[in-house]
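# Observations on the three-dimensional arrangement
Each chain is listed here by its residues.
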Amino acid sequence: MDGLKTYATAILCMDGAYTGGVRKNMKRRYGVEYVDIIPQPGIVKILAESINLPRLELIKEMINISVGGHGSRAIAIAAHHNCLGNPIPKEKQLKQLPRKTVEKMIKDLGFDQLGIKTTLLWLNECHLPEEVHISPNGRIFSRELVFIEKPD
Ligand SMILES: [Zn+2]
């Protein structure tokens with residue numbers, strides 16, 4: 001692995017109870033050394049509503065540094081249990097998860113040819129990441145991620 005591919009990115013709330021689990025998950029999943037955290041309270045709501053322009057610009061600037069400067073090629077977008085910045089039920093938060101908004105930012109920054117992978121996560125009441133999926137009939141659900149430990 002070359003030096004440019006040792007970062008991934010996580011867009012998530014400022015709530016410190018959830019940061020560690022996402023960092024660990026991204027490191028294991030993508031084999032990166034570091035995870036840039038792009039935090040704002042209720043960030044899923046900010047991105048989904050797309051009306052708070054100063055915050056949207058700040059988020060975009062952080063994506064620019066993480067992808068353009070650090071070479072990240074994987075971005076997780078995470079909603080979480082009991083979010084004070086976005087106090088609505090899980091089902092509604094999952095529907096909000098703003099993959100299209102983030103992908104538009106990636107495009108606007110000129111990174112759309114880099115093959116950046118976006119992942120949607122739900123951080124559950126145990127602070128653990130679950131991957132969010134959309135079934136063929138349009139139902140949105142989350143599933144806990146299971147890793148098989150590799151021997152050293
Ligand atoms: Zn929150």
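That block above? That's the structure.
Read on for an overview of the structure. All chains use their own residue numbering, which begins from 1 and follows the written sequence. Two thresholds apply to this predicted model, a pLDDT of at least 70 for residue-level local features and 80 or more for giving and counting side-chain atom pairs, whereas whole-chain, interface and lining totals are computed over all residues.

## What about helix H1 (residues 16-30)?
Labels follow the DSSP assignment, with helices taken as runs of H or I lasting at least four residues and strands as runs of E lasting at least two, numbered in each case from the N terminus. A helix is expected to span 1.5 Å for every residue after the first. Over its 15 residues, H1 runs 22 Å from end to end, which matches the ideal 21 Å to within 8%, given 1.5 Å per residue. Listed in full, the buried residues belonging to H1 are Tyr18, Val22, Arg23, Asn25 and Met26. Note on contacts: residues are paired as contacts if their backbone-placed C-beta atoms lie within 7 Å. In this structure, the buried side of H1 is in contact with strand S1 (7-12), strand S2 (34-39), strand S3 (74-80), strand S4 (117-123) and strand S5 (129-134). Here the C-beta atoms are placed from the backbone, and a residue counts as buried if at least 20 other C-beta atoms lie within 10 Å of its own, exposed if 12 or fewer do, and partly exposed otherwise.

## Observations concerning the sheet that holds S5
Here we have six strands laid out as an open sheet, ordered S2-S1-S3-S4-S5-S6, and mixed in their pairing. The open sheet has two free edges, formed respectively by S2 and strand S6 (140-144), since each of these has just one partner strand. On average, adjacent strands in this sheet sit at an angle of 35 degrees to one another, irrespective of strand direction. Bridge count for S3 against S4 is seven bridges, and the pairing is parallel. Each bridged residue has a counterpart across the sheet, and for histidine 80 the counterpart in S4 is leucine 123. Sheet contacts for helix H3 (residues 53-69): S1 and S2; angle to S2, the most-contacted strand, approximately 170 degrees. Here, axes are lines fitted to C-alpha atoms. For helices the fit covers the stretch in contact, and angles between N-to-C directions go from 0 to 180 degrees. Sheet contacts for helix H5 (residues 99-108): S1, S3 and S4; angle to S4, the most-contacted strand, approximately 145 degrees. DSSP bridges decide pairing: two strands pair if at least two such bridges lie between them.

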